[in-house]
Amino acid sequence: MLAAGLQWARGGEPVAPAAATSPILEALSPGVVGAAVAAGNGVAPVSARAAVVPHHDVAVSLIGRAVGALREARPKTIVLLGPDHRNAGPGRYTVSALPWRWQGRTIPTNASVGAALAAQPAAATDTAFLATEHSVLVPLPFLATRFPAAQIVLVTIRSGLDATSDDAFASALDAALGPHDLVLASVDFSHHRDFIAA
């Protein structure tokens with residue numbers, strides 16, 4: 001039985017859930033991520049509850065600048081939204097239910113926020129699917145490095161509009177988060193451009 005992110009062993013002792021992993025995450029060097037996050041300290045800080053970040057691994061400096069601008073935030077929870085590039089997730093919104101492992105470190109998730117989002121009619125939980133989606137995995141270690149105490153919930157969203165589902169999901173997201181929590185939209189800033197133009 002799963003309760004608040006813990007599995008209960010036969011003796012009644014809580015057992016932490018297994019952490020998910022992905023080759024996409026493991027390809028991101030802690031040195032590169034750390035340097036980009038540190039360079040983001042040169043960006044003027046902003047007070048915000050939401051932000052937009054790129055998610056391509058050639059944009060590490062932009063990701064670092066974005067999380068650098070948020071450095072004065074003290075979120076307990078961060079919800080990272082990204083596109084479901086292949087529209088292959090099991091729901092319109094696919095939510096991760098597990099923490100993630102990156103370079104030997106566990107990045108915690110907020111199980112209650114994840115459960116509230118996954119309970120929406122158009123949502124599903126599928127960590128194995130999310131392990132293939134770079135839109136949420138590439139920014140994840142940058143956020144975990146900048147906000148090491150934060151619990152990070154990953155969500156992908158299929159393309160297209162569904163006003164009823166989208167409004168319900170947005171309301172659930174708003175209700176699940178506290179006043180200091182963050183929502184980040186991980187987006188493609190360009191496609192099919194050469195490196196310099198992108």
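Just so it is clear, the model here is predicted, and its values are computed rather than measured.

## A short note on the overall build of the chain
Phase 1 of the analysis: In terms of regular secondary structure, the chain is built from 8 helices and 11 strands.
Phase 2 of the analysis: Relative to its full complement of 198 residues, the chain shows a buried share of 44%.
Phase 3 of the analysis: Expressed as a percentage of contacts within the chain between residues at least 6 apart in sequence, the contacts between residues at least 24 apart total 85%.
Phase 4 of the analysis: For the chain, the computed accessible surface area is about 9,700 Å², with 59% contributed by carbon and sulfur atoms.

## Thoughts on a nonpolar patch on the surface
Phase 1 of the analysis: Taken together, the side chains of Val52, Leu62 and Phe189 define a hydrophobic patch exposed on the protein surface, amounting to about 280 Å² of accessible area.
Phase 2 of the analysis: Along the chain, the position of Val52 falls in strand 4 (residues 50–54).

## Brief notes about the pattern of salt bridges
Phase 1 of the analysis: Scanning all chains against the criterion turns up 1 salt bridge.
Phase 2 of the analysis: Arg92 is paired through a salt bridge with Asp166; the nearest N and O atoms lie 2.8 Å apart. Of this pair, Arg92 sits in the loop between strand 5 (77–83) and strand 6 (93–95) while Asp166 sits in helix 8 (residues 163–176), and the two are 74 residues apart along the sequence.
Phase 3 of the analysis: Judged by its relative accessible area of 12%, Arg92 is buried.
Phase 4 of the analysis: Relative accessible area serves as the criterion here: at 22%, Asp166 is assigned to the partly exposed category.

## What about the environment of Val43?
Phase 1 of the analysis: Along the chain, Val43 turns up in the loop between helix 2 (30–39) and strand 4.
Phase 2 of the analysis: What makes Val43 buried here is its relative accessible area of 16%.
Phase 3 of the analysis: Along the sequence, Val43 and Ala66 sit 23 residues apart, while their C-alpha atoms lie 8.3 Å from each other.

## A word on the pairing of strand 11 (residues 182–187)
Phase 1 of the analysis: Examined bridge by bridge, strand 4 and strand 11 share 5 bridges and lie parallel to one another. When the sheet's bridge partners are listed, Pro54 is paired in strand 11 with Val187.
Phase 2 of the analysis: Sheet topology note: the strand 5/strand 11 ladder contains 4 bridges and is parallel. Following the sheet pairing, Leu80 is matched in strand 11 by Leu184.

## A short note on the nonpolar core
Phase 1 of the analysis: In terms of nonpolar packing, the biggest core is built from 35 residues, with Trp100, Leu154 and Leu184 touching the most fellow members.
Phase 2 of the analysis: By size, the runner-up hydrophobic cluster in this structure holds 16 residues, among which are Val79, Ala122, Val153 and Leu173.

## Section: the packing of aromatic side chains
Phase 1 of the analysis: Counting across every chain of the model gives 1 aromatic pair.
Phase 2 of the analysis: The interplanar angle of 10° and the centroid separation of 4.0 Å between the aromatic rings of Tyr93 and Phe169 together place this pair among those described as stacked. Here Tyr93, found in strand 6, pairs with Phe169, found in helix 8; they are 76 residues apart in sequence, far enough to count as distant.
Phase 3 of the analysis: Since its relative accessible area comes to 2%, Tyr93 is described here as buried.
Phase 4 of the analysis: In this structure Phe169 comes out as buried when scored by relative accessible area, which is 5%.

## Some remarks on the packing of helix 2 against helix 3 (residues 60–69)
Phase 1 of the analysis: For the pair helix 2 and helix 3, interaxial distance at closest approach is 7 Å and the crossing angle is 50°. For the element pair helix 2 / helix 3, the angle class is oblique. Handedness of the helix 2/helix 3 crossing: right-handed. Here helix 2 contributes Val32, Ala36 and Val37 to the contact with helix 3, which in turn contributes Val60, Gly64 and Val67.
Phase 2 of the analysis: Here the contact of helix 2 with helix 3 is built from residues that sort into 5 nonpolar, 1 polar and no charged.

## Description of the environment of Gln151
Phase 1 of the analysis: Counting through the fold element by element, Gln151 comes out in strand 10 (residues 151–157).
Phase 2 of the analysis: Separated by 52 residues in sequence, Gln151 and Pro99 place their C-alpha atoms 8.5 Å apart.
Phase 3 of the analysis: Residues in contact with Gln151, not counting those within four places in the same chain, are Lys76, Thr77, Ile78, Pro108, Thr109 and Asn110.
Phase 4 of the analysis: Separated by 3.1 Å, the side chains of Gln151 and Asn110 make a polar contact.

Conventions used here
Residues numbered from 1 in each chain as written. Predicted model: local features only at pLDDT ≥ 70, side-chain atom pairs only at ≥ 80, totals over all residues. Heavy atoms only, no water. Helix = DSSP H or I, 4+ residues; strand = E, 2+ residues; numbered from the N terminus. Buried < 20%, exposed > 50% of the residue type's maximum accessible area, 1.4 Å probe, protein only. Contact = heavy atoms within 4.5 Å. Areas by Shrake-Rupley, 256 points an atom, 1.4 Å probe, with all protein chains shown as cover. Patch = residues over 30% accessible without salt bridge, like charges linked within 9 Å, V, L, I, M, F, W, Y side chains within 5 Å. Salt bridge = Lys/Arg side-chain N within 4 Å of Asp/Glu carboxyl O. Pairing = 2+ DSSP bridges. Core = buried A, V, L, I, M, F, W, Y, C linked by side-chain atoms within 4.5 Å. Phe/Tyr/Trp six-rings, centres within 6.5 Å; stacked < 30°, edge-to-face > 60°. Axes fitted to C-alpha atoms, helices over the stretch in contact; angles between N-to-C directions. Parallel < 35°, antiparallel > 145°, perpendicular 65-115°, else oblique. Left-handed = near helix turned anticlockwise from the far one by under 90°. Nonpolar A, V, L, I, M, F, W, Y, C, P; charged D, E, K, R; others polar. Polar contact = N/O pair within 3.5 Å; in protein donor to acceptor, adjacent residues only side chain to side chain.

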